[in-house]
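Spelled out from the first residue to the last, the chains are:
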Amino acid sequence: NISLPEAKQANDKLAERVVAITKEFNIPAGKVATSSLYISPEYSYENNRQVMKGYVVNRSLRITMDKMDIHERLLSKVVEAGVDQVGGVEFGLADPEAAAQKIRTRAFENAKAKAQALATAAGLTLGKPMSISAGGAAPVMPPMPMMAKAMRMDAAAEASVAPSLPGMISVGETVSVVFTAE
């Protein structure tokens, strides 16, 4: 049977190994954080009776990386260190608001150019904007943390992680403008 202190100690050691790996990759300490901790008794069934085997301690770590070229090597090292469950790898923009602002500016310029073309076609002069609204900046892929669960020590990882394919991240924005025309 695994006691609660033993399970927690094993989990703490695994988490320490993961943190040491992030240091090898020069990931700042502020970009490595525990996102959840789960402690639970573990039972088995013998002769139709529930028998307590001990405890399981799971900790989810969130690792945020700014460099795309290290994520697969880091993930492989984490698995080699004994992490037996990865909760998800997500790719996203480092500064989504800056990207959205550029897109809003382009969307406004596009709306103005279309309004100018329509005003010219109608023999009018395009005036000033009367109202402007924007919304809908939404990356298709979520932000780029990498989550890995530090799990029980009894499951050994034997292979490196398959390559991930981040693809392209799209950001969209809607801008509506009402202009005066004379």
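Rules and cut-offs
Residues numbered from 1 in each chain as written. Predicted model: local features only at pLDDT ≥ 70, side-chain atom pairs only at ≥ 80, totals over all residues. Heavy atoms only, no water. Helix = DSSP H or I, 4+ residues; strand = E, 2+ residues; numbered from the N terminus. Buried < 20%, exposed > 50% of the residue type's maximum accessible area, 1.4 Å probe, protein only. Polar contact = N/O pair within 3.5 Å; in protein donor to acceptor, adjacent residues only side chain to side chain. pLDDT = per-residue confidence, 0-100. Contact = heavy atoms within 4.5 Å. Salt bridge = Lys/Arg side-chain N within 4 Å of Asp/Glu carboxyl O.

Peer 1: Before we go on, may I ask you to explain the side chain of Asn-11 in this structure?
Peer 2: Inspection of the secondary structure assignment puts Asn-11 in helix 1 (residues 4-24). Judged by relative accessible area, which is 1%, Asn-11 ranks as buried. Reaching out from Asn-11, the side chain makes a polar contact with the side chain of Arg-59 at a distance of 2.9 Å.

Peer 1: Even after reading the chapter, I still don't get the confidence of the model for the protein, so can you show me in this structure?
Peer 2: Close inspection of predicted coordinates is inappropriate for parts of the model with low pLDDT. Confidence in the prediction for the protein averages 82 pLDDT; 82% of positions are at 70 or higher. Ignoring residues within four places in sequence, the model shows residues 137-160, a span with pLDDT below 50, making 91 contacts including any to other chains.

Peer 1: How should I be thinking about unusual backbone geometry in this particular structure?
Peer 2: Residues apart from glycine generally show negative phi values, whereas peptide bonds are mostly found in trans. The residue Asn-26 is not glycine, and still its phi comes out positive at about 60°. As for its position among the elements, Asn-26 is in the loop between helix 1 and strand 1 (32-46). With a relative accessible area of 64%, Asn-26 lands in the exposed category. Even without a glycine there, the phi angle at Asn-48 is positive, about 60°. Structurally, Asn-48 can be placed in the loop between strand 1 and strand 2 (49-64). A residue is classified by how much of its surface remains accessible, and Asn-48, at 81% relative accessible area, is exposed.

Peer 1: Honestly, the pattern of salt bridges in this entry has me stumped. Any pointers?
Peer 2: Pairing is possible between side chains that carry opposite charge, provided their charged atoms lie close to one another. Applying the stated criterion to the full structure yields six salt bridges. A salt bridge links Glu-97 to Arg-104; its shortest N-O distance comes to 2.4 Å. For Glu-97, a relative accessible area of 46% gives the class partly exposed. Salt-bridge contacts for Arg-104 lead to Glu-173; the nearest nitrogen and oxygen are separated by 3.6 Å. Highlighted residues: Arg-104 in helix 3 (residues 96-121) and Glu-173 in the loop between strand 5 (145-150) and strand 6 (174-181), separated in sequence by 69 residues.

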